[in-house]
Amino acid sequence: SHGGCELRRLPRRGRARTSSAACVRSCQQSASGLERGALASETAMVVRNVGRPAPLLDNPSVALCVVLLGANVLLFLVSSSGVIAISTLRQSCDVPVWYFMILVGFISMGSCVFFMRMALLEHGSDVQWLQIGGAVCLMALVKAAVVFWGVLIIIQIYKGNQCQDAQGVVGFAYVCTALFVVNTGVCLLVAKLVFLPSLTLQLFKLRQLK
């Protein structure tokens, strides 16, 4: 016998060889069938262990994401115009307004990319929204620090005499700082009053359904 298969002795060697080869093929097919069955069983166990897919949470407000995107585009245009104007007007001012506007331009450009991605995101997992929340917190800290620096620059311009002959620079500094403060405040209010309550309520409802 070969692996549980019996070989009959036939009168001729050719027939014995043919029967032996057929038995070997039959045994190989049986073994491959057992392997496929074991693989299917393991796959079924993996599928059962994986369970249901993670629930998706809706974007609380795509429209607000678009509004914040537009606000950051406006801030980027103002800061870029201020940088160009300061570079071309050649007005002397010892206050670092130019560096402040450069920094505001980079932050607003990054915020544009961030809110564009959020506007395109209609549904996301809880982990994805948690990552977005962490990014918003980091962005808020950076913007708060830049707002503080901008206010210090405005106070320095107002109290000092460094920029008396640079009215164009002073004007751009006032406008850029005011827009940046409003932009930062609106972003924080939207995150606190709209996104955080909505996502929390959705998670609460999903837990009740479970």
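Residues numbered from 1 in each chain as written. Predicted model: local features only at pLDDT ≥ 70, side-chain atom pairs only at ≥ 80, totals over all residues. Heavy atoms only, no water.

Draft legend 1. Here's a closer look at a nonpolar patch on the surface. A cluster of nonpolar residues, Phe148, Val151, Leu152, Ile155 and Val181, forms a patch on the protein surface that exposes about 420 Å² of accessible area. Of all the elements, helix 4 (residues 126-159) adds the most residues to the nonpolar patch, at 4 residues. Checked against the element boundaries, Val181 lands in helix 5 (residues 167-209). (Patch = residues over 30% accessible without salt bridge, like charges linked within 9 Å, V, L, I, M, F, W, Y side chains within 5 Å. Areas by Shrake-Rupley, 256 points an atom, 1.4 Å probe, with all protein chains shown as cover. Salt bridge = Lys/Arg side-chain N within 4 Å of Asp/Glu carboxyl O. Helix = DSSP H or I, 4+ residues; strand = E, 2+ residues; numbered from the N terminus.)

Draft legend 2. Representation of the packing of helix 2 (residues 62-89) against helix 3 (residues 97-120). Their axes nearest at 8 Å, the elements helix 2 and helix 3 cross at an angle of 155°. Taken together, the axes of helix 2 and helix 3 lie roughly antiparallel to each other. Note on packing geometry: the crossing formed by helix 2 with helix 3 is left-handed. Among the residues making up the contact of helix 2 with helix 3, the classes are represented as 21 nonpolar, 7 polar and no charged. (Axes fitted to C-alpha atoms, helices over the stretch in contact; angles between N-to-C directions. Parallel < 35°, antiparallel > 145°, perpendicular 65-115°, else oblique. Left-handed = near helix turned anticlockwise from the far one by under 90°. Nonpolar A, V, L, I, M, F, W, Y, C, P; charged D, E, K, R; others polar.)

Draft legend 3. Broad picture of the packing of helix 3 against helix 5. Axis separation between helix 3 and helix 5 bottoms out at 11 Å; the angle between their running directions is 30°. When the axis of helix 3 is compared with that of helix 5, the two are roughly parallel. Crossing angle aside, the handedness with which helix 3 passes helix 5 is left-handed. Contacts between helix 3 and helix 5 involve Val97, Phe100, Met101, Val104, Ile107, Phe115 and Met118 from the first element and Val169, Phe172, Ala173, Cys176, Thr177, Phe180, Cys187 and Phe195 from the second. A class-by-class count of the residues in the contact of helix 3 with helix 5 yields 14 nonpolar, 1 polar and no charged. (Contact = heavy atoms within 4.5 Å.)

Draft legend 4. Focus on the packing of aromatic side chains. This structure, assessed with the given rule, holds 3 aromatic pairs. Between Trp98 and Tyr99, the ring centres sit 5.2 Å apart and the planes meet at 90°, which makes this aromatic pair edge-to-face. We classify Trp98 as partly exposed; its relative accessible area is 33%. (Phe/Tyr/Trp six-rings, centres within 6.5 Å; stacked < 30°, edge-to-face > 60°. Buried < 20%, exposed > 50% of the residue type's maximum accessible area, 1.4 Å probe, protein only.)

Draft legend 5. Molecular detail of the layout of surface pockets. Space inside the largest pocket adds up to approximately 600 Å³. If you go around the largest pocket, you meet 29 residues; those closest to its centre are Trp129, Ile132, Gly133, Val136 and Leu196. Within the residue set of the lining of the largest pocket, elements represented by two or more residues are helix 2, helix 3, helix 4 and helix 5. The biggest single contributor to the lining of the largest pocket is helix 4, with 12 residues. Per-class residue counts for the lining of the largest pocket are 22 nonpolar, 4 polar and 3 charged. (1 Å grid on protein atoms, 1.4 Å probe; cavity = no way out; pocket = protein on both sides within 12 Å on 5 of 7 lines; lining within 4 Å. Points joined across faces, edges and corners; volume = space filled by probe spheres on them.)

Draft legend 6. Representation of the nonpolar core. Of all hydrophobic cores here, the largest spans 23 residues; its most connected members are Val97 and Ile157. In contact with Val97, not counting residues within four places along its chain, are Ile86, Ile153, Ile157, Val169 and Ala173. (Core = buried A, V, L, I, M, F, W, Y, C linked by side-chain atoms within 4.5 Å.)

Draft legend 7. Molecular detail of the UniProt feature "transmembrane region" (unreviewed entry) in the protein. UniProt annotation of "transmembrane region" (unreviewed entry) refers to residues 61-86, 98-120, 132-158 and 170-195 when read in the numbering used here. Taken as a whole, residues 170-195 contains 100% helix and 0% strand, while its terminal C-alpha atoms sit 36 Å from one another. (UniProt positions renumbered as here; feature names shortened; annotations may be inferred.)

Draft legend 8. Spotlight on helix 4. Helix length check: helix 4, at 34 residues, gives a terminal C-alpha distance of 49 Å against a target of 50 Å (1.5 Å per residue), a fit within 8%. Among the residues of helix 4, Trp129, Ile132, Met139, Ala140, Lys143, Val146, Val147, Gly150, Ile153, Ile154 and Ile157 are the ones counted as buried. In this fold, the buried residues of helix 4 make contact with strand 1 (56-58), helix 2, helix 3, strand 2 (123-125) and helix 5. (Expected span 1.5 Å × (residues − 1).)

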